[in-house]
Amino acid sequence: MTYAEILIRKGKRMAAAYVQAECNTAKAEPSKSPQHLNALLDHLLHPEKPINDQDAIDWCRWLVGGGRSYDDFAANVRQYDNTAMCGLVWTADFVAFRCRTCGISQCMSLCVDCFKFGNHEGHDYNMFKSQAGGACDCGDASVMKESGFCSQHHGANQPKKPVSPPPELMCVAENMVPRIILRLVQHLRVNTVHSSLHIPADQAPERYEKAIEMADRLLKLLHDFSSLGAAMRTVLTKALLDNESYFRLTNVNEDSEYASFMRRSNEFYDDALQSLPNPDPPREFQDCPALTAQLQHRNFLEELVFWMVKYEFPEKLVCLLLKMLPDPEYKEAFTRSFVLHYSRVSMMLVRSSNSDKLSNRVVHVSVQLFSNEELALAMTESLSLLHIMVSSLKNMMTLVLVPMEVNAPSGATGRGHMVVDCSKHVMKNHCYWPLVSDLNNVLSHPPIAYRFMGDNTLLTLWFDFLKMLQGMNLNVRVIGPHIEFEPNTYYASFSGELEASASPMWALVSHTKNGISREFSENTIRHCLRAIREWMEAMGDNSVMTDSNKASFHIPLHRYFAIFLRQVVKYQGFTLQELLPDTEMLTKMMEHPLRVQTAVHEIMCGLWVRNGLQIKGQVMTYLQCHFCRSMVDADIFLLQVCATQLRTEDFLSTVLDRFQIKDWLLLSEFSRKTSSRSYRDTDQELQMIESSLIFLLSLISLRTNLGLSEEILARVEMVSLLCMGDKTHSMLYEHMPEKCGTPCPLELFNNVLGEVAQFSEPRFEASGNMQQGMYLPKPHVWEEMYDPIYVLLRAVHGREFQSSIERFNHFAKTRYESDSFRSKTVTSPWPPWRLPSPVDDGFEDPRKILHSKYSHGLIFNLLHKAVHGQKINDFITSVAVHLLELAVTYPQKEGYSGTEIAVSKPWFMSSEPVDLQYDTWYPTDWLSANLRHFITVIFSNSHEPNSVEPAHGNPDRQSSLEDDLGSIPGDVDESNTLEPVQSMDVDPDQLDVILQSIATNNAERGHGQHLQQQQQQQQQRPPPPQQLALTGPSASGGKELVPQTALTQERSSSSSPMLPEIQQDFPEIGLTVNPALTQDGVFSSTSRFAGRQSTRQKNRGKVTLLNESIITLLLKLHSKYSGKPDSYVALDKRSGPSVTKDYRESRVGDACFFIEKVLDRIHEMDESCAESIEASRKIVWPDHHKQEARVEEEAERRETEMKKKKAKERQRKLMEQLAAQRKRFEENSCQDTTDKDDESQSEASTSQGADAGPDDGMDVKRDVKQYHCCHCRLESPASEDRPIGLVTLIQSTSVLAHKHRENTHLLLPTSEDMVDSLPHPTEDSLGMEHEERFQMMLQHFDHQSVLLSMNRGWKGGIHVQSCGHHMHYDCRQSYCETLKHQMRVTRDQALDTDHGEFICPVCRQMANSLLPVPPDPPNLPATRFVGDPNLQMNQVSSKIHQLLSEDFVHLKPGATQLRAEMSHVMEFLTKTTLPQYRMDKTNHPTQAITNFISSIARTNLEVDLVQRGGSLVETQGAGATGLSQAAHVNKPKFCFVPLLHVLGIHMNAWPSRSLAEEWGQITGQWKLPEGVRTTHPMIPKQRDVPLLLQDPLTLMLHFLLLLPTNMEKAYFDTITKACFNLNVVQILVRLTCGLSLKERDDLKEAFKKDPQGKSLNCNLGHVISLMEAQGLYLSDNDQMSLGEDILGLEVSDLEESAQELALPYLRIASLIKKYVFEEDIPQIYLDNREFTQLLEYLDLAPSATPITKVSGASAMDEDPHQPNLSICDGLNWFHSKGEETGPGSNNELTLWCQNFFPMIKSHCGAAQKLLQVNLLWQQPSLLKVPKNYDEIFEFYHKRKCCKCGKVPKDPTVCLMCGTMVCLKENCCRQPVGESHVLETVKHAWDCGGGTGIFLAVNSSTIVVIRGKRACIWGSIYLDMFGEEDKELKRGKPLFLHQERYRLLEHQWRTHKFDHTNRKWVMHRDTI
């Protein structure tokens, strides 16, 4: 017998004890080994045995315990746990927390327990569901701050526990654990997929999963060991790291079966090593250990890491290895092993069929290792971790490279460049993500980042990798038909650049803010430029990247250069000149981001529309907040640098060429076209013009990377987001641009948010929908901060910018609506373009490009288009004006040599002005001179025959300015406007002669006097600056600065006037030149003119006459927008608000406001500009002011005459009115006496008619009521043939069943203690109590009598509500057919049209039926009653008894359409009732139908009372809250009267004769005691329900439904009194049951003293005297002492209780009276006045009866809070003798009590219980939920379902009863009829009558189920910013929002879910 067999026979406990002793001995003597244990383990862990043998696992547990149970062993070992860190490892979907306040690493996370026991109050934390798994970092000071540690884990400060356990405790484990690990390794070896099997790669993971499942029990054993604390982890790690034991156990040289197995396993192992190859490393990394071709494992840990990689990171194995990370030695060894296998992980990611799952599991491991800086740095130094990562990443991308021409048409260049193919698996499935994530993690450590940037080999490798991404996903513009198949690869390219390029970039950039990394930064930029140069060489000169029909958004190399350039210049003291490449390379670099920008604008303008939606998706992604900082901002910054470093002319010309807008800019139609672009329409062309100007303005104005601090930038970004629309806190935070996962710091975010935004509390819309807490801009934001340029930069959709403009316009008009002056300037506001802030030191301001003659020419061109053009809009004009303002406001710092002088005409510049060649339009860059410079002509750029043309090239067209001013009133002299400019072909020689003769002719016309005046003004002017030599008159503003040469000196020596009108001098040519162009000395030398003639003949094209300067264009533009000539007034001549500082600094205004602002700045620029403005005004409008004065004088004269004429007319009309009034007064005074006589006769006639009896036969004619059909829009009366109905929604309801006696216990349980202690909410509910009462009554009384005695619609009843609109039935049929067709087209299944559902055409509320409106019935004859009230009441009572037996269906005989519809409505009411609540017609069908019908009426009345708040007391001040406002929206119109009519018709169709007998009993008209005679002897049956147990309101409804609806009010009053009598007697009997023996005796004595008394005491005494004799009170427990007297009885308390019990009856009766007789209920404001006022309203207290005061009560005026009526004042007995009406009389009270005697005698206990029916119920309410949502989540998210016993995927809690149900799972489907429905649907039927309100625990949302529909209602839990957190994605703390919860409860009570929620879906018995 072997050692194993011997031990097994001993049993587990004894064998374990024996083994422990042996191991303890062996430990003391190392030479000995535990032979018995080894033998037993050889047997238990033999590799041929199943690894999942449970018996073997149990043996292991006993053995490690050493003779004690495993639980005892575990408890002992945990005592020696001195772990400083938590180290809890979890898998996917685990709920954890992340505290950013305490975290050092972004990957930090905490388990629930550590978070709960740590102090994180006020921190920025969130709860999250782990996607890939993780581990708790509590106690790890390298990942989180020590202040965040929990009370159990203190890191290095951990209190010391016993250092090590006793040897005997762990001796067995130390010997067993290596053998157990060996068994796991053996299993992994033999279950690997051998290469000889040729199994497909996609099937291998499935086999690996099965192998891991087989080892589940063994892995669980090791997991249990690792959970025992540090002592046991030490044993495990020692076994894993022991090289000697690994070699000994895996290399068996003996000849045995076991040795053979080990050899086979080694073969599998070697094959697995070969199947996981390493990528070929670069030559420089051949010696890197982790990149070698062969792996050599030295211990169990390294081999297990290998199998972890081979088996694709199985969760259980990964978690086992991670659980031991708190051991520092193990953590370093594990990290080293992982790094050695890292390059093979990249290959696994590429080969895996489920790379997403594998990626998550890889990161689960790596994030725990590389977050430690010390450990990551050690791996970098010893194992070249960075080189491994970068080379692995590059090798992965190398597998998917394609030539660049693959994405381009044939013949395109770029053959030398290889780019990644985004359609491949690696890119589409983000296989690179784990590698990039790890790289970002290690680069977050500064020492490692410095090593990265300082290693030339590594940088070369990295930028070679980035070159693979440069130009990926190239788009080719589709010109012809629309693309058939839209590629979906673009997001792979964007995410690839963001994750693989931008994320590491920002990680590196974050370490370049100080001088330490200066050399590293320079080294990085140098390598980046090298890579860009190599890439451009590979692409060639004609790169596809600059092709106008191709576009790629991916230029990561350029963006690296831009971001690093910005960083090092700003923070590290570099200059641009030190870092920028040469001009040629910079020019080439500029082309690529410029092409990206032009492509963006082309796509947004619709030029790429045939490429499909995906191309616009690329633009949206490019601008999106997560990408913009890495893409668009970097591109714009690089272009800004290029703009300031390159020649402005070259840069701007390139921009205009790339945007291809020069055709539009042409001022001459004879000029050569610059491009062949064709636009679909003019709008598209204008959009492209706008885009180009927006781009230029963005380059000049944006300071994102040029001068804004982080705080200012955050403010700008937030303002831009807020101006696009109001946003929640999370939306703002999520949309703030980020640097690849590095969001804006929360503290900075909140500070900025407080400055610029104001919070709007969560509110309710008018429709009842809910709004979350929103942030909206503060008013000063619009005034001071709103910048449209930044909005355009961040607006992903065009509508966002348009929304911001509309919101700004609204603000502007609202802001200045009370300011009469400013309101005129904001009628049509322009965008408030802002002036940019200064740039940082080291950069140049992009505004410098505006100080170029090229820019000035472009601005002139735009302004000229704005004044004279047609294809232009206000937006373009506003941008042009703002560009000029930017130029004027930016100081021109460049100096001039002083050799420049001012000349009078520009005709003889060194180069002639050529169209579009703006640098030829002005001779210098000096802004002041160029503003005043007149451009008279421009030459076309064509070589066609010469001509002179107007600015528009159309000889038949008038000037556009003249057209614009053509609508100005007639006080403008047309001669002062610009005359048309004609175009004719002119020979160059003739043109020169014309221009030369103009000057001579002007001198002869006598212009010398004007010139002399100008020269005198010039002499009085102070001397000009030294650097400028000004000569000639300056008033004209036509000076130009040119180099001071002999030519200019010669010209300056002579003076002559400027051009006269050419038309007058050369009529044969037909030219017209504006006289504004009058200057001197232009053609002073004819020889010069002739000398250039030959050159002009060669170079000139056609000539366009302009005759404008920038100043004249601005003046005309101001007049054009103001609508009047010469509208601008200079600043020094204005006064009032327009000269104030606020006005001048404001950016809110219209076109005239901004043009005036620019003119003011020009006016202040220098004296020459100011004079030029004034001179230009006088020249353009020379006689305007004189003419204007004459017009004003004439207008004043006409106005005076008109006032005189109107005064005379008013006087005449007044006299006529006085005469007419006098005449009417005389006529009225004559007829006054006659009218009074007629009135008195009419009153007498009315009085006689009221007393007439039935025989008088006087019918009063009434107008037939007309109803408006909401479909056909016709009005018609209700008729039998074409019935009309009320649009209604009929639905089942159980709201009333959820009334409770008290609501204090209605709490949602959040702990097991609450579950055990709280009663179930349905136990004391109204629905449960009434159902129990009904069943009890069936046990004692006849079924048909029980059906007539009480209603049953409390649970599963029918509620009818209407919107108040009417519709013909035939109209409804056609309307529903139309709806069905629409539903089929739109596939919207939220409306069940097949079952009659439709939408009201007027109010759009849901409906499902029409309630028939009956035709007006014939008037009943008036009834004459006697004057005595008592006799009158009995007379009416007899009449009612007679009517109860008659048929009052006032419809035509036979079948009619109305009768058919009424029948359909009743059928629909029956079908709407849930099956379990439908009436049973098999037994007593008449009584069942009667009960069903009256229950419907009762349910609707009770629901109406609930909607009124449970009482008729008016609620004051409720309108102030948002809930009250929402409550009154879509308030249903109560349709009780039509419903009563329909119910009454069917009630009379099934009349119950027993109801007439009931009326006889209730009024005393049945067999009376001996001696009393009656005409209607009716004896009740023995099994009938006694009246004292019947519901008075049920009887009342029965009687009313059987009477005609047009009955007289006397009938209703009589029924009300009779039923109230019964109600009072029931209350009296009930009160007596609650009195003690002593109290009853006292009341009996009071009754004996005054048998005829009417007080409450007497009536109670009477009841007691009757009931006591029958033994009703025998079971009472009398606890009152016999010595008390009657003075101790609080009668006022009994009165108050009695009145409170009577209120339910009074309220319902009052509602019936209000609706039937349309008498308003009196307004009641005090609760204690409700009883009295309702008693009076119902006429229950006769006015002739003296009011009986309650004992001790004072008068009303003395104590208004004391009721002044007793309940007994409402008693109106029908049967009494003469004046004897007290309790002692033989009235109904005695008879009803006697009728109850048999029940008391037979079943006294049941009689008492049935009497104690509860009448006082609280309002229906939902369960009270905790304020903090965490309590709900923690209790329910892992709670098991009580039916299936599993943890639901989506646990859901019913808020009506607190039951937890499975929301979507099929496990709890329940059979309903022939189908199975989900538990939530079934519960909605059972608990809510078809309405279910559920809280989805895992999403915090409310799910509402209404019948066949379901919807997401919203959330009642909001965060501290009033925002929902659906699906708990943000994980922020949530708190109960009381207003929302009240709204939910209100919509449930009032049945408004169908009207207020629009997003319904048909659940089809599933969710």
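Rules behind the numbers
- Residues numbered from 1 in each chain as written.
- Predicted model: local features only at pLDDT ≥ 70, side-chain atom pairs only at ≥ 80, totals over all residues.
- Heavy atoms only, no water.
- Helix = DSSP H or I, 4+ residues; strand = E, 2+ residues; numbered from the N terminus.
- Buried < 20%, exposed > 50% of the residue type's maximum accessible area, 1.4 Å probe, protein only.
- Contact = heavy atoms within 4.5 Å.
- Areas by Shrake-Rupley, 256 points an atom, 1.4 Å probe, with all protein chains shown as cover.
- Pairing = 2+ DSSP bridges.
- Axes fitted to C-alpha atoms, helices over the stretch in contact; angles between N-to-C directions.
- Expected span 1.5 Å × (residues − 1).
- Salt bridge = Lys/Arg side-chain N within 4 Å of Asp/Glu carboxyl O.
- Polar contact = N/O pair within 3.5 Å; in protein donor to acceptor, adjacent residues only side chain to side chain.
- Phe/Tyr/Trp six-rings, centres within 6.5 Å; stacked < 30°, edge-to-face > 60°.
- Parallel < 35°, antiparallel > 145°, perpendicular 65-115°, else oblique.
- Left-handed = near helix turned anticlockwise from the far one by under 90°.
- Nonpolar A, V, L, I, M, F, W, Y, C, P; charged D, E, K, R; others polar.
- Patch = residues over 30% accessible without salt bridge, like charges linked within 9 Å, V, L, I, M, F, W, Y side chains within 5 Å.
- Lys, Arg positive; Asp, Glu negative; His and termini not counted.
- Charge placed at Lys NZ, Arg CZ, Asp CG, Glu CD.

**Student:** Would you mind going over the overall build of the chain in detail, with residue names and values included?
**Tutor:** When you go through the chain residue by residue, the secondary structure sums to 77 helices and 35 strands. Burial analysis of the chain (1967 residues in total) assigns 57% to the buried set. Contacts in the chain between residues at least 24 apart in sequence constitute 79% of all its contacts with a sequence separation of at least 6. Entry remark: accessible area of the chain is about 83700 Å², with carbon and sulfur atoms responsible for 50%.

**Student:** If you had to explain the sheet that holds strand β22 (residues 1357-1368) to someone new, which residues and values would you point to?
**Tutor:** The strand order across the open sheet built from three strands is β22-β21-β25, with neighbouring strands paired in antiparallel fashion. Edge positions in the open sheet fall to β22 and β25 (1409-1412), since each of these has one partner strand only. Averaged over all pairs of adjacent strands, the angle between strand axes in this sheet comes to 40°, irrespective of strand direction. One ladder, built from nine bridges, connects strand β21 (residues 1284-1293) with β22; its direction is antiparallel. Opposite Gly-1285, over in β22, you have Met-1367 as the bridge partner. Sheet strands touched by helix α62 (residues 1485-1507): β21 and β22. Its angle to β22, the strand with the most contacts, is close to 85°. Lying on the sheet, helix α64 (residues 1536-1549) is in contact with β21, β22 and β25; it crosses β25 at an angle near 75°.

**Student:** Describe in detail helix α35 (residues 710-724), supporting the description with residues and values.
**Tutor:** The end-to-end C-alpha distance of α35, which contains 15 residues, comes to 21 Å, matching closely the 21 Å that a straight helix rising 1.5 Å per residue would cover. Within α35, burial applies to Leu-713, Ala-714, Arg-715, Val-716, Glu-717, Met-718, Val-719, Ser-720, Leu-721, Leu-722, Cys-723 and Met-724.

**Student:** Can you break down the pattern of salt bridges residue by residue, with the values?
**Tutor:** Two side chains that carry opposite charge are able to pair once their charged atoms sit near each other. Under the definition given, this model contains 83 salt bridges. For the salt bridge of Glu-711 with Arg-715, the shortest nitrogen-to-oxygen distance reads 3.5 Å. Within this pair, Glu-711 and its partner Arg-715 are both found in helix α35, separated by four residues, close to a single helical turn. Judged by its relative accessible area of 40%, Glu-711 is partly exposed.

**Student:** Describe the environment of Gly-480, naming the residues involved and giving the relevant values.
**Tutor:** Among the structural elements, Gly-480 can be located in the loop between β7 (475-476) and α24 (490-509). Gly-480 gets classed as partly exposed once you look at its relative accessible area, which sits at 35%. Remark: the alpha-carbon pair of Gly-480 and Asn-611, spanning 131 residues in sequence, is separated by 9.9 Å.

**Student:** Before we move on, could you go through unusual backbone geometry and cite the residues and values that matter?
**Tutor:** For Arg-1273, which is not glycine, the phi torsion reads 65° and is therefore positive. With respect to the helices and strands, the residue Arg-1273 is situated in the loop between β19 (1266-1268) and β20 (1275-1277). A positive phi angle is found at Ser-1900, which is not glycine, with a value near 65°. Of note, Ser-1900 is situated in the loop between β30 (1891-1896) and β31 (1901-1906).

**Student:** Let's hear about the sheet that holds β30: which residues, and what values?
**Tutor:** Spatially, six strands are ordered β27-β26-β30-β31-β32-β35 in an open sheet, and the strand pairing comes out antiparallel. Across the chains shown, the open sheet's two edge strands, defined by having one partner strand only, are β27 (1860-1862) and β35 (1961-1962). Bridging between β30 and β31 involves six bridges; their strand directions are antiparallel. Each residue of the ladder has a partner; that of Phe-1894, found in β31, is Val-1903.

**Student:** An account of the pairing of β21 is needed here, citing residue identities and associated values.
**Tutor:** Burial within β21 is extensive, with 10 of its 10 residues counted as buried. Here four bridges tie β21 to β25, and the two strands are oriented antiparallel to one another. Pairing of Thr-1288 across the sheet is with Ser-1409, part of β25.

**Student:** Residue-level account of helix α18 (residues 373-383), with values.
**Tutor:** Among the residues making up α18, those that are buried are Leu-375, Ala-376, Leu-377, Met-379, Thr-380 and Leu-383. Against α15 (328-340), α17 (355-370), α19 (385-398), α21 (433-443) and α22 (446-454) lie the buried residues of α18. You can read the cap of α18 off the contacts: a side-chain oxygen lies 3.1 Å from the backbone nitrogen of Glu-374, and it is on Asn-372. Looking at the residues trailing α18, positive phi occurs at Ser-384, about 55°.

**Student:** Any chance you could break down the pairing of strand β18 (residues 1103-1108) for me, citing the residues and the numbers?
**Tutor:** β18 sits mainly inside the fold: six of its six residues count as buried. Burial along β18 is two-sided: Val-1103, Leu-1105 and Asn-1107 and Thr-1104, Leu-1106 and Glu-1108, pointing in opposite directions, are all buried.

**Student:** Tell me about the packing of aromatic side chains, and please be specific about residues and values.
**Tutor:** Tallied over the full model, the rule gives 53 aromatic pairs. Considering the side-chain rings of Tyr-70 and Phe-73, the 6.3 Å spacing of their centres and the 40° angle between planes classify their relative orientation as tilted. Note that Tyr-70 and Phe-73 are positioned in helix α5 (residues 70-78) at a spacing of three residues, about one turn of the helix. Assessed through its relative accessible area of 0%, Phe-73 is described here as buried. An angle of 75° between the planes, with centres 5.8 Å apart, marks the rings of Phe-338 and Tyr-342 as edge-to-face.

**Student:** Give me the packing of helix α7 (residues 167-190) against helix α12 (residues 257-275): which residues, what numbers.
**Tutor:** How two helices pack is summed up by the angle between their axes together with the distance between the axes. Two elements in contact, α7 and α12, have axes separated by 8 Å at closest approach and are oriented at 55°. One element, α7, and the other, α12, form an angle in the oblique class. As α7 packs across α12, the resulting crossing turns out to be left-handed. Each of Leu-182, Gln-186, Arg-189 and Val-190 in α7 lies in contact with α12, whose residues at this interface are Tyr-258, Phe-261, Met-262, Ser-265, Asn-266, Phe-268 and Tyr-269. When its residues are assigned to classes, the contact of α7 with α12 shows seven nonpolar, three polar and one charged.

**Student:** Residue-level account of the environment of Gln-131, with values.
**Tutor:** Note on placement: Gln-131 falls in the loop between β3 (125-129) and β4 (134-135). Ignoring any residue separated from it by four or fewer positions in sequence, one finds Gln-131 in contact with Ala-92 and Asn-360.

**Student:** Can you explain the side chain of Glu-1730? Please cite residues and give values.
**Tutor:** Residue placement: Glu-1730 occurs in helix α71 (residues 1730-1737). Residue class for Glu-1730 comes out buried when judged on its relative accessible area of 2%. In contact with Glu-1730, not counting residues within four places along its chain, are Ser-1511, Leu-1512, Val-1513, Leu-1703, Arg-1707 and Ile-1724.

**Student:** Go over the packing of α19 against α21, please, and point to the residues and values.
**Tutor:** One can describe the packing of α19 onto α21 by two numbers: an axis separation of 10 Å at closest approach and a directional angle of 155°. Regarding the angle of α19 to α21, the classification is roughly antiparallel. Classified by chirality, the crossing of α21 by α19 is left-handed. Together, Leu-385, Leu-386, Met-389, Ser-392, Leu-393 and Met-396 of α19 and Leu-435, Val-436, Asp-438, Leu-439, Val-442 and Leu-443 of α21 make up the contact between the two elements. When the residues that make up the contact of α19 with α21 are grouped by side-chain class, the tally is 10 nonpolar, one polar and one charged.

**Student:** Outline the environment of Gly-707, supporting the account with residue identities and numerical values.
**Tutor:** Take Gly-707: it is sitting in the loop between α34 (682-701) and α35. Considering only alpha carbons, one finds Gly-707 and Val-839, 132 residues apart in sequence, at a separation of 4.3 Å. Sequence-distant contacts of Gly-707, defined by excluding residues within four places in its chain, comprise Pro-838, Val-839 and Asp-840.

**Student:** Explain a nonpolar patch on the surface to me, and be specific about the residues and the numbers.
**Tutor:** A contiguous nonpolar patch, built from Leu-1214, Met-1215 and Leu-1218 and spanning about 290 Å² of accessible area, is present on the exposed surface. Examined against the element boundaries, Leu-1218 turns out to sit in helix α55 (residues 1184-1250). Taking relative accessible area as the criterion, Leu-1218 reaches 40% and is therefore assigned partly exposed.

**Student:** Help me get a handle on the side chain of Lys-865, residues and values and all.
**Tutor:** Within the element layout of this structure, Lys-865 appears in helix α41 (residues 853-868). Salt bridges are absent for the buried Lys-865, whose nearest opposite-charge side chain, Glu-685, sits at 7.8 Å. The residues contacting Lys-865, other than those within four sequence positions of it, are Trp-664, Leu-665, Leu-666, Leu-667 and Ile-872.

**Student:** Describe a negative patch on the surface, listing the residues and the values that go with them.
**Tutor:** On the surface, a cluster of negative charge is contributed by Glu-329, Glu-332, Glu-373 and Glu-374. Of all the elements in the fold, those that place two or more residues in the negative patch are α15 and α18. With respect to the secondary-structure elements, Glu-373 resides in helix α18.

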